[in-house]
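Tertiary structure, described
What follows is the residue order along each chain.
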Amino acid sequence: MEPDKETLETVKARLDVLRKGIVSEENSVNYYKTLIEKTPEDSDANIGMRRMYSGLMLEEKKHVERFRELINEWEQRLKEL
């Protein structure tokens, strides 16, 4: 096999990794959401923590979106093989 040539099996393997990865990213979104919900807004420290959790959750949501884009791209390549 040529080093850069994609086959049916290499594309399926890529999709497998991406599908596992998106689950991890979605779990991270849910984790930060839970932390936000469980952290009261009763002190400046907690407010700071909630803000940080929110920022991290938004970053994870970006990762989820990127994984979706990559899955769509590789599913298209699979159809082309």
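Everything discussed here concerns the structure shown above.
Computed from a predicted structure; not experimentally measured.

Parameters at a glance
- Residues numbered from 1 in each chain as written.
- Predicted model: local features only at pLDDT ≥ 70, side-chain atom pairs only at ≥ 80, totals over all residues.
- Heavy atoms only, no water.
- Core = buried A, V, L, I, M, F, W, Y, C linked by side-chain atoms within 4.5 Å.
- Buried < 20%, exposed > 50% of the residue type's maximum accessible area, 1.4 Å probe, protein only.
- Helix = DSSP H or I, 4+ residues; strand = E, 2+ residues; numbered from the N terminus.
- Contact = heavy atoms within 4.5 Å.
- Polar contact = N/O pair within 3.5 Å; in protein donor to acceptor, adjacent residues only side chain to side chain.
- Salt bridge = Lys/Arg side-chain N within 4 Å of Asp/Glu carboxyl O.

Another point: the nonpolar core. Judged by nonpolar contacts, the single largest core of 13 residues is most densely connected at Leu15, Leu18, Ile22, Met57, Ile71 and Trp74. Listing elements by their share of this core, those giving two or more residues are helix H1 (8–38) and helix H2 (44–80). Per-element accounting of this core gives the leading share, 7 residues, to H1. When sequence neighbours within four positions are dropped, the list of residues in contact with Trp74 reads Glu6, Val11, Arg14, Leu15 and Leu18.

Note that Glu6 resides in the segment before H1. A relative accessible area of 16% means that Glu6 is categorised as buried. Among the polar contacts listed, one links the side chain of Glu6 to the side chain of Thr10, at a separation of 2.6 Å. Reaching out from Glu6, the side chain makes a polar contact with the side chain of Arg14 at a distance of 2.8 Å. Glu6 has contacts with Val11, Arg14, Trp74, Arg77 and Leu81, leaving out every residue within four places of it along the chain.

Note that Thr39 resides in the loop between H1 and H2. A polar atom in the side chain of Thr39 sits 2.6 Å from the backbone oxygen of Leu35. Those residues within four positions of Thr39 in sequence are excluded, and the remaining contacts are Asn46, Met49, Arg50 and Tyr53.

Across all of its chains, the model carries 9 salt bridges by this definition. Measuring nitrogen to oxygen at the nearest pair gives 3.8 Å for the salt bridge that ties Glu59 to Lys62. Linking Glu59 with Lys62, this pair stays in helix H2, spanning 3 residues, or about one helical turn. Taking relative accessible area as the criterion, Glu59 reaches 37% and is therefore assigned partly exposed. Judged by its relative accessible area of 54%, Lys62 falls in the exposed class. Linking Glu73 and Arg66 is a salt bridge whose minimum nitrogen-to-oxygen distance equals 3.8 Å. Given the relative accessible area of 42%, Glu73 is considered partly exposed. Residue classification places Arg66 among the partly exposed residues on the basis of a relative accessible area of 39%. Through salt bridges with shared partners, a single network forms among Glu26, Glu65 and Arg68.

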